[in-house]
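# Notes for the structure review
Okay, here's what each chain looks like letter by letter:
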Amino acid sequence: MFPLWFLNLILCIGLCVFSGFSFAQDVPLRRVEIDSALDGDGKALGDIDGDGLADIIVAGEQLAWYRAPGWAKTIVAGGVDFGTEIQVGDIDNDGDLDILAPDTLKKENVLWFENPRPPRAACHGTVAETRHRNSCGRGRSASP
Ligand SMILES: [Ca+2]
Ligand SMILES: [Ca+2]
Ligand SMILES: [Ca+2]
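Summary of the structure given here. These figures come from a predicted structure and were not determined experimentally.

Right, let's get into the nonpolar core. For soluble globular proteins, nonpolar side chains are generally found buried alongside one another. Core analysis: the largest hydrophobic core is formed by 14 residues, its most contacted members being Ile57, Ala59, Leu63, Ile86, Ile99 and Ala101. Those elements that provide at least two residues to this core are strand 2 (55-59), strand 3 (62-67) and strand 6 (98-103).

With that out of the way, let us pick up the pairing of strand 4 (residues 72-78). Strand direction decides the pairing type here: strand 3 and strand 4, joined by six bridges, are antiparallel. Residue pairing across strands places tryptophan 65 opposite threonine 74, the latter belonging to strand 4. The hairpin turn running from strand 3 into strand 4, its antiparallel successor, is four residues long, and tryptophan 71 in that turn takes a positive phi close to 65°.

As a further point, take the sheet that holds strand 5 (residues 87-89). Spatially, the three strands line up as an open sheet ordered 5-6-7, and their pairing is antiparallel. On the outer flanks of this sheet lie strand 5 and strand 7 (109-113), each paired with one strand and no other. Mean inter-strand twist for the sheet, computed between neighbouring axes without regard to direction, equals 25°. Bridge count for strand 6 against strand 7 is five bridges, and the pairing is antiparallel. Its bridge partner lying in strand 7, leucine 100 is registered against tryptophan 112.

The rules behind these values
- Residues numbered from 1 in each chain as written.
- Chains lettered and ligands numbered in written order.
- Predicted model: local features only at pLDDT ≥ 70, side-chain atom pairs only at ≥ 80, totals over all residues.
- Core = buried A, V, L, I, M, F, W, Y, C linked by C-beta atoms within 7 Å.
- Buried ≥ 20, exposed ≤ 12 C-beta atoms within 10 Å, placed from the backbone.
- Helix = DSSP H or I, 4+ residues; strand = E, 2+ residues; numbered from the N terminus.
- Pairing = 2+ DSSP bridges.
- Axes fitted to C-alpha atoms, helices over the stretch in contact; angles between N-to-C directions.

Structure below.
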């Protein structure tokens with residue numbers, strides 16, 4: 001008895017061999033250096049500015065994002081040592097991507113950075129509220 005995943009693997013390999021498909025197809029990738037001055041411990045992709053193009057988020061001694069396609073750099077935060085496990089997602093449920101990044105110098109210090117889009121002109125809130133909720137009051141409180 002073989003597990004289903006093993007049988008699927010054998011089937012896939014057999015189909016690739018008999019169909020002439022090669023895993024080593026010649027797909028030349030072009031190297032593009034985005035930033036030689038920032039050590040990239042944490043990397044993520046996400047459309048930070050909402051233009052439909054995936055931007056690059058890098059964390060190390062700084063947290064920065066690079067706007068596609070020209071890779072203009074925006075520093076989000078510095079003075080800490082961000083870890084490798086950064087994530088991008090709409091943490092406050094306001095429709096834009098925020099960044100979650102742990103600070104490895106301060107143990108048990110998980111930080112998230114709210115994306116300022118969309119403009120907050122019509123919304124008001126205190127600093128304490130905006131740490132866990134967006135300025136329009138949407139999202140969930142992080143308090144128990
Ligand atoms: Ca973008
Ligand atoms: Ca958001
Ligand atoms: Ca926002």
